[in-house]
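# Summary of the model geometry
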Amino acid sequence: MTGADMVLEALEREGVTHIFGYPGGANLPIYQRLPQHPKLQHILVRHEQGAAHMADGYARASGRPGVVFATSGPGALNLVTGLATAAMDSVPMVAITGQVGSKVVGRDAFQESDVIGCTSAVTKHNFLVTRVQDIPKTIRQAFHIATTGRPGPVLIDICKDAQMADGGEFEYPDEVMLPGYQGQAEPDLSRIEQAAAAINAAQHPVMLAGHGVILARAQEELLEAAELAGIPVGTTLLGIGAFPVNHPLSLHMTGFMGTGWCLKAVQNADVLVMVGMRVDDRVTAELSTFAPNVKSFIHIDIDASEMGKNVRPHLEIVADARQALQALIPRLQPPPESRASWITQIDRWREEHPLRYTRSNGHLQPQDVLMDMYGRCDDEAIVVADVGQNQIWAALWWNYARPGLFINSGGAGTMGFALPAAIGAKFARPEKPVWCVAGEGGFVMTMQELAVAVEHQLDVKIVLLNNFSLGMVRQFQDDFYGGVRSQVDLSVMPDFVKLCDAYGIPAVEVHKGPEIAAAFDQAQRTKGPFLIDFRIDPEANVYPIVPLGKGLSDFVEAPLEIEDLVLEPAYEI
Amino acid sequence: MRSEKELVISLLVEDNPGVLNRVSGLVRRRGFNISALSVAPSERPGFSRMSMTVDAGHAEVDQVAKQLDRLIEVVEVRDLTGPELIHRELLVGRVDDSGAATLTKAGAQVLRQNGHGIVFQYTGDDLAAERLIEELKGHGLRELSRSGPVAVRR
């Protein structure tokens, strides 16, 4: 069997059904054999970055690794942003790139680049394959590494001569031999006991849940632990969905754009349990004033290197979130009487610091768009957000009930992520409504992938929150950089309705609040892709926000005039 | 003296092409700094031993070993820093003939002496090696090659 057939055969053995890719000189042997493998559906993208984000969205929506093909040189290098996005957010992916022939590697051959060197920092691991007989074993290892422990992207760079060579009989190994890659440890029960003791004795406990809870499928254990011990739970941006937002114990989102009541709770907590998260700068804001009343930081994460990287925990538990919570639950006690006032206090903070926004200025408000949308999505739709204000609005003004319903580039913050990731999510979950929420700035970075949505008549609805500017950057310039608006004006943009028409995609513009519902009605009635160009308030800001360099206690809320005052909690409790 | 942020780390790594690049790339991008490094085949076929002296930079010191351990090809990370450490460094260099007495006193070995200076070798711990280098600077020390410390536990 040739190396090319071995690649495709191995992918079938791994249960792969979708490949997002782009052919070129150095992977042509694989593409030549692709038609012989009809179980593998190949989606031809329009730019390799799109392939990487599609595979990423596919993986996040399905829990299965996303697979990418690209050729050598520029093809592989175009994956770098997508690999970094997946690596930062621990998303399982396998990218297979063609490399020039092994005999010319290092001679600056046509379309040669050092893909291993260039992707080492943005992958969990990568492999250069120069010999045909190494192909099956390497693909087996790549899938194992990508999907186990803390997941992440793995790249395999396969020389063209290895793809073409005859490697004899195909044998796919069952066992993976990786002496430096251990399976993850069982939670240390003595530490679990200590954690339970600290939580049981706490007066003001708070739990924060990150992406690790979702990756470990630990949402039920988290809910059980929280309800049993009466602990309020906030999530990180990537942890959204790990805990139902409309639960009485929900603090919604934490971090420097988190809800006021969550930040109050974190800053007053005496025991803070952080599960499946990195505790990064967006969660802590100014580190020296983060959670100043905590006597016991308990950090549960599968990656030992996260312990003490940013915040030094009192108790480190290196474990899968689900296993750790399962061990914790039988040791937790119902909340003592004395803790009732803590929950009452949080309820008071929720009333004092609700999510709110101005809407009496006559402009279309993004929050109105999202709330109308939420009202018709019935907790079923997958929302894929881009990066910027649109991302935070989509995170906060929605009532995510389960994992996998909100997808975004949290760690890398990659603009242009949403459209291709939404396409990938739709391939993964064709039965689900998929909504892409993006600003016009990010949308035009990868909008060439509209062609893929058309080609496959994907039911992806695009909600463009269009303010003709880089809204988040503009807000930062206004608030933190002396009000100097520098290079944020995007007033020259295509007419998006005409642009969509050119692709054969129906689209409408919405300028006023009363038009929102009709536009969504039309989008939902239409089969296939649909775009709504919402012309939102150009001065709309994201709130709450912690000013740069300040601590979580310094969060700033929407500055409302008395006559403007509109309080709109995202949900009812 | 070593700074509190400086560690002596021993790594057992798979002897694959590019493994040194992975280790050094990780050290750079995490903001650590390598001040000494030696690599050679280990007692296990297919595996190499790296001994390195690393400064943790702005990171917490335990991050060095934890981050290195995440690399797939790193099989074992041992932080040898501390009083239990036995480490030796090899120096090979050339000095003027006037350095002969200093070399003898330090226990260095003369490899070659032909009237145009002395080629010597010396093995000792890092403090002794530093001391000898300082003393030999007054005797025209040149072409000095240092192995960097290699270490085991006591």
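Computed from a predicted model, the values in this text were never measured in an experiment.

## Re the overall build of chain A
Helix and strand counts for chain A stand at 23 helices and 18 strands. Against the compact-globule benchmark of 25 Å for 573 residues, chain A has a radius of gyration of 24 Å, which places it among compact chains. The principal-axis extent of the C-alpha atoms belonging to chain A is close to 70 × 60 × 45 Å. Scored against the burial criterion, the 573 residues of chain A give a buried share of 55%. For chain A, long-range pairs separated by at least 24 residues make up 78% of all intrachain contacts whose partners lie at least 6 apart in sequence.

## Looking at the pairing of strand β2 (residues 41–44) of chain A
Residues and elements named next belong to chain A. In terms of strand pairing, strand β1 (residues 18–21) meets β2 through 4 bridges, oriented parallel. Across the sheet, residue G21 finds its bridge partner in β2, namely L44. What joins β1 to β2 is helix α2 (residues 28–33), and the crossover it makes is right-handed.

## Some points on the interface of chain B and chain A
Opposite the 16 residues of chain B that make contact, chain A presents 14 residues. At 5 residues, the largest contribution of residues to the side of chain B that touches chain A is made by helix α2 (residues 62–70) of chain B. Of the residues belonging to the side of chain B that touches chain A, the class tally is 3 nonpolar, 5 polar and 8 charged.

## Considering unusual backbone geometry
Residues and elements named next belong to chain A. Y543 connects to P544 through a cis peptide bond whose omega is -5 degrees. A positive phi angle is found at A285, which is not glycine, with a value near 50 degrees. A positive phi angle, close to 60 degrees, is found at Q487, a residue other than glycine. Position of Q487 among the secondary structure elements: in the loop between α21 (471–480) and α22 (496–503).

## A word on the confidence of the model for chain A
When pLDDT is averaged along chain A, the result is 95; 98% of the residues meet or exceed 70. Confidence drops under a pLDDT of 50 for residues 565–573 of chain A, and excluding neighbours within four residues, the segment shows 24 contacts in the predicted structure.

## Examining the domain arrangement of chain A
Residues and elements named next belong to chain A. Each assigned domain of chain A is listed here: domain 1 (3–164), domain 2 (189–352) and domain 3 (366–542). One C-alpha centre belongs to domain 1, the other to domain 2; they are set 37 Å apart. Each partner contributes residues to the interface: domain 1 has 5 residues there, and domain 2 has 5 residues. Partitioned by chemical class, the residues of the side of domain 1 that touches domain 2 number 1 nonpolar, 2 polar and 2 charged.

## Some remarks on the domain arrangement of chain B
Residues and elements named next belong to chain B. Its domain assignment divides chain B into domain 1 (6–79) and domain 2 (86–153). Among the elements that take part in the side of domain 1 that touches domain 2, strand β2 (residues 33–41) stands out by supplying 3 residues, more than any other. Looking at side-chain class alone, the side of domain 1 that touches domain 2 contains 3 nonpolar, 4 polar and no charged residues.

## Describing the packing of helix α3 (residues 48–62) of chain A against helix α5 (residues 80–88) of chain A
Between two packed helices, both the angle of their axes relative to each other and the distance between the axes serve to describe the pair. Residue and element names in this part refer to chain A. Packing of α3 against α5 leaves a shortest axis separation of 7 Å and a crossing angle of 20 degrees. Between α3 and α5, the interaxial angle falls into the category roughly parallel. As α3 runs across α5, the sense of the crossing is right-handed. Between α3, through Q49, A52, H53 and D56, and α5, the contact on the second element is made entirely by T81, G82, L83, T85 and A86.

## Some details on the confidence of the model for chain B
Counting all residues, the mean pLDDT for chain B is 91, and 99% of those residues have values of 70 or more. Across the interface, the model reports ipTM at 0.90; the global pTM reads 0.94.

## Thoughts on the nonpolar core
Formed by 219 residues in total, the largest nonpolar core has its most connected members in A:V7, A:V68, A:L222, A:L272, A:V384, A:C436 and A:V463. It is helix α18 (residues 418–428) of chain A that provides the largest number of residues to this core, a total of 8 residues. If sequence neighbours within four positions are ignored, A:L272 has contacts with A:V206, A:L208, A:V266, A:A291, A:V294 and A:F297. Core analysis: the second largest hydrophobic core is formed by 11 residues, B:L91, B:V95, B:I118 and B:L141 among them.

## Some words on the sheet that holds strand β17 (residues 507–510) of chain A
All names here are of chain A. If you walk across this open sheet you meet the 6 strands as β14-β13-β15-β16-β18-β17, and the pairing is parallel. Of all the strands in the sheet, the pair left with one neighbour each is β14 (406–407) and β17. In terms of strand pairing, strand β13 (residues 382–385) meets strand β15 (residues 434–439) through 4 bridges, oriented parallel. By the bridge assignment for β15, I382 is matched with V434.

## Digging into the sheet that holds strand β9 (residues 250–253) of chain A
Residue and element names in this part refer to chain A. Here we have 6 strands laid out as an open sheet, ordered β9-β8-β7-β10-β11-β12, and parallel in their pairing. The two strands at the open ends of the sheet, each matched to only one other strand, are β9 and β12 (315–318). Neighbour-to-neighbour, the strand axes of the sheet open up by a mean angle of 15 degrees, direction not taken into account. Where strand β10 (residues 271–275) meets strand β11 (residues 296–301), 5 bridges bridge the pair, whose relative direction is parallel. Bridging across to β11, V271 finds its partner in S296. Contacts between helix α9 (residues 189–201) and the sheet are confined to β7 (205–209), β10, β11 and β12, with β12 contributing the most and set at about 130 degrees to the helix.

Calculation notes
Residues numbered from 1 in each chain as written. Chains lettered and ligands numbered in written order. Predicted model: local features only at pLDDT ≥ 70, side-chain atom pairs only at ≥ 80, totals over all residues. Helix = DSSP H or I, 4+ residues; strand = E, 2+ residues; numbered from the N terminus. Rg over C-alpha atoms; globule rule 2.2 N^0.38 Å. Buried ≥ 20, exposed ≤ 12 C-beta atoms within 10 Å, placed from the backbone. Contact = placed C-beta atoms within 7 Å. Pairing = 2+ DSSP bridges. Right-handed = clockwise from strand over helix to strand, strands pointing away. Nonpolar A, V, L, I, M, F, W, Y, C, P; charged D, E, K, R; others polar. pLDDT = per-residue confidence, 0-100. Domains from an automatic or database assignment. Axes fitted to C-alpha atoms, helices over the stretch in contact; angles between N-to-C directions. Parallel < 35°, antiparallel > 145°, perpendicular 65-115°, else oblique. Left-handed = near helix turned anticlockwise from the far one by under 90°. Core = buried A, V, L, I, M, F, W, Y, C linked by C-beta atoms within 7 Å.

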